[in-house]
Amino acid sequence: MGKKLLDFLKKKQEIIAYLFWGGMTTVVSWGSYALFSGVCHMGVTVSNGLSWICAVIFAYFTNKLWVFGSKSWEWKVLWREIGLFLSARIITGVFELVMVPLLVVLGMNQKIAGIEGALSKIVVSIAVIILNYICSKLVIFKNQDTTK
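To start, this report covers the structure provided alongside it.

How each quantity is defined
- Residues numbered from 1 in each chain as written.
- Predicted model: local features only at pLDDT ≥ 70, side-chain atom pairs only at ≥ 80, totals over all residues.
- Heavy atoms only, no water.
- Axes fitted to C-alpha atoms, helices over the stretch in contact; angles between N-to-C directions.
- Helix = DSSP H or I, 4+ residues; strand = E, 2+ residues; numbered from the N terminus.
- Parallel < 35°, antiparallel > 145°, perpendicular 65-115°, else oblique.
- Left-handed = near helix turned anticlockwise from the far one by under 90°.
- Contact = heavy atoms within 4.5 Å.
- Nonpolar A, V, L, I, M, F, W, Y, C, P; charged D, E, K, R; others polar.

Below, the discussion takes up the packing of helix α2 (residues 13–39) against helix α5 (residues 118–140). Where α2 contacts α5, the two axes come as close as 12 Å, and the packing angle between them is 125°. When the interaxial angle is binned, α2 and α5 end up oblique. Like other packed secondary-structure pairs, α2 and α5 cross with a definite hand, here right-handed. Residues Glu14, Ile15, Tyr18 and Leu19 of α2 form the contact with α5, whose participating residues are Ile129, Asn132, Tyr133 and Lys137. Looking at the contact of α2 with α5 residue by residue, the class counts come to 5 nonpolar, 1 polar and 2 charged.

Take a look at the structure:
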């Protein structure tokens, strides 16, 4: 049983790493939001924007180094990766901004833990995670050797 589990984990290493670092990206996003909003007393919009920037920068480097194993630090490679990564995150960010309220209007307005529209937020968040993974795997870091 132990060998089967280790084989399974090895096969799923990239996805496990992606989910782990995605969780850490969420911690960076929430932590930096708390810092900007609570400690620095910045407004919600500014705090949210700055926390998004922090999270995207953190996500780029963790995806580059520990998820997809991009080893190159050449400017040409960096600019390509950063440009594509940022573009993908902006597109999925706009997708999220549009889809959550749209799903609420279409009737997916169920409350979870007292949060209105939480079901639509969860559904869209899962879609965003999948879309970001696909973009990173098939476009941004597609030429990387991920065997470690």
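Moving on, we come to the environment of Lys137. Here Lys137 is to be found in helix α5. Measuring from C-alpha to C-alpha, the distance between Lys137 and Arg89 comes to 14 Å, with 48 residues separating the pair along the chain. Apart from residues no more than four positions distant in its own chain, Lys137 is found in contact with Glu14, Phe68 and Lys142.

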